[in-house]
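# Topology and contacts: notes
For reference, the chains in residue letters:
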Amino acid sequence: MQGQDGERDRHGARNGGDRPPGAPDGTSAGASAETSAEAPTGTPAGVPAEVPAGAPDGTSAGAPAEVPDSEPRRGRPRSAAAERAILDAVIALLEAGEPLAGLSIERIARTAGVGKATIYRRWSDKEELFVDVVRDMEPDDPPVSGTEGLADLRVMLESLRTRGLAQRSSALLHNIFAQMKSHPKLWNEYHGTVIAPRRLAMVEAVRRAVAAGELRDDLDVELIDDLFVGPMLVRTVHRPDAPLPDDLADRIITALLQGLAPAAQV
């Protein structure tokens, strides 16, 4: 999982930045000042609390209306500032030593300075929220052409290498992944929404490379994909002390294309 020093700075003050004066403990700058709307006794877990009479839908009385994103959405407009505050609140709590299993929606809402309903409008449960937190901490997946074969494979292998660098450089990210693997529901959510789509994209790139005559067509594409991804996964996941040089993706591709048999003796 990728990342270079300062990667998380692009998401806001996460490296010990000062909180704004008067902000609640752990509250991120830019959070909407919603008061926590606690669910009444007997409300099922994951169901937003009822809105006080006279208040706008999902907004606590006296709280400012959320500023809508520029992207059109169905239903009530969402606030980019509120989403940023919620993600930052989870990260702040994890940095303070809170385990994933111990975080509650109520605690996250208090830290972010929003109501529970604000969280539930965006994520149906904690697992969905935590997956977005991890994706937010990781470097973005790079764009690929969707039409090239080997060229797209190289881009995705390089992305895998830089994600590995990110996990090595961030003790928090490394710790989160260790915790995720001990929580099957959370790991399954991450695998289904993040890992599986990445793998599918790699397999499709292999198919394009085969169709373009860049790779042999007498092998199963799943096997070819494993041959490309395997060495990078070994380096990034199973050998945390192994070097991850800038040219590693190119070296893997070249070795596979040339083969491992010795050159024929003349």
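Computed from a predicted model, the values in this text were never measured in an experiment. (Residues numbered from 1 in each chain as written. Predicted model: local features only at pLDDT ≥ 70, side-chain atom pairs only at ≥ 80, totals over all residues. Heavy atoms only, no water.)

When you line up the elements, S79 lands in the segment before α1 (80-95). Among the residues examined, S79 registers a relative accessible area of 2% and is labelled buried. Separated by 3.3 Å, the side chain of S79 and the backbone nitrogen of A81 make a polar contact. (Helix = DSSP H or I, 4+ residues; strand = E, 2+ residues; numbered from the N terminus. Buried < 20%, exposed > 50% of the residue type's maximum accessible area, 1.4 Å probe, protein only. Polar contact = N/O pair within 3.5 Å; in protein donor to acceptor, adjacent residues only side chain to side chain.)

Time to look at the pattern of salt bridges. Summed over the entire model, instances satisfying the criterion amount to 21 salt bridges. Notably, a salt bridge pairs D250 with R154, separated by 2.7 Å at the nearest N-O pair. Pair noted here: D250 is in helix α9 (residues 248-258) and R154 is in helix α5 (residues 150-169), with a separation of 96 residues, a long-range link. Looking at D250, the relative accessible area reads 33%, which means it is partly exposed. Classification of R154 by relative accessible area gives partly exposed; the value is 29%. A salt bridge links E222 to R199, with the nearest nitrogen and oxygen atoms 2.5 Å apart. (Salt bridge = Lys/Arg side-chain N within 4 Å of Asp/Glu carboxyl O.)

This part covers the packing of helix α8 (residues 221-238) against α9. Packing of α8 against α9 brings their axes to within 10 Å, and their N-to-C directions diverge by 140 degrees. Taken together, the axes of α8 and α9 lie oblique to each other. With respect to the hand of their crossing, α8 and α9 are arranged in right-handed fashion. The residues of α9 that touch α8, namely those facing L227, F228, P231, M232 and R235, are L248, A249, I252, I253 and L256. (Axes fitted to C-alpha atoms, helices over the stretch in contact; angles between N-to-C directions. Parallel < 35°, antiparallel > 145°, perpendicular 65-115°, else oblique. Left-handed = near helix turned anticlockwise from the far one by under 90°. Contact = heavy atoms within 4.5 Å.)

Two elements in contact, helix α4 (residues 126-137) and helix α7 (residues 184-211), have axes separated by 9 Å at closest approach and are oriented at 55 degrees. In terms of orientation, α4 and α7 fall into the oblique class. Remark: the crossing between α4 and α7 carries right-handed chirality. Contacts between α4 and α7 pair E127, E128, F130, V131, V134 and R135 from the former with K185, L186, E189, Y190, T193 and V194 from the latter. Residue classes in the contact of α4 with α7 are distributed as six nonpolar, one polar and five charged. (Nonpolar A, V, L, I, M, F, W, Y, C, P; charged D, E, K, R; others polar.)

Attention now goes to the packing of aromatic side chains. Per the counting criterion, the structure on display carries two aromatic pairs. Aromatic side chains F177 and Y190 sit 5.4 Å apart centroid to centroid with 85 degrees between the ring planes, which places their arrangement in the edge-to-face category. With F177 in helix α6 (residues 171-180) and Y190 in helix α7, this pair connects stretches of sequence that are 13 residues apart. Both residues of the pair, F177 and Y190, count as buried. Every member of this aromatic cluster is reached through a ring pair, and the members are F177, W187 and Y190. (Phe/Tyr/Trp six-rings, centres within 6.5 Å; stacked < 30°, edge-to-face > 60°.)

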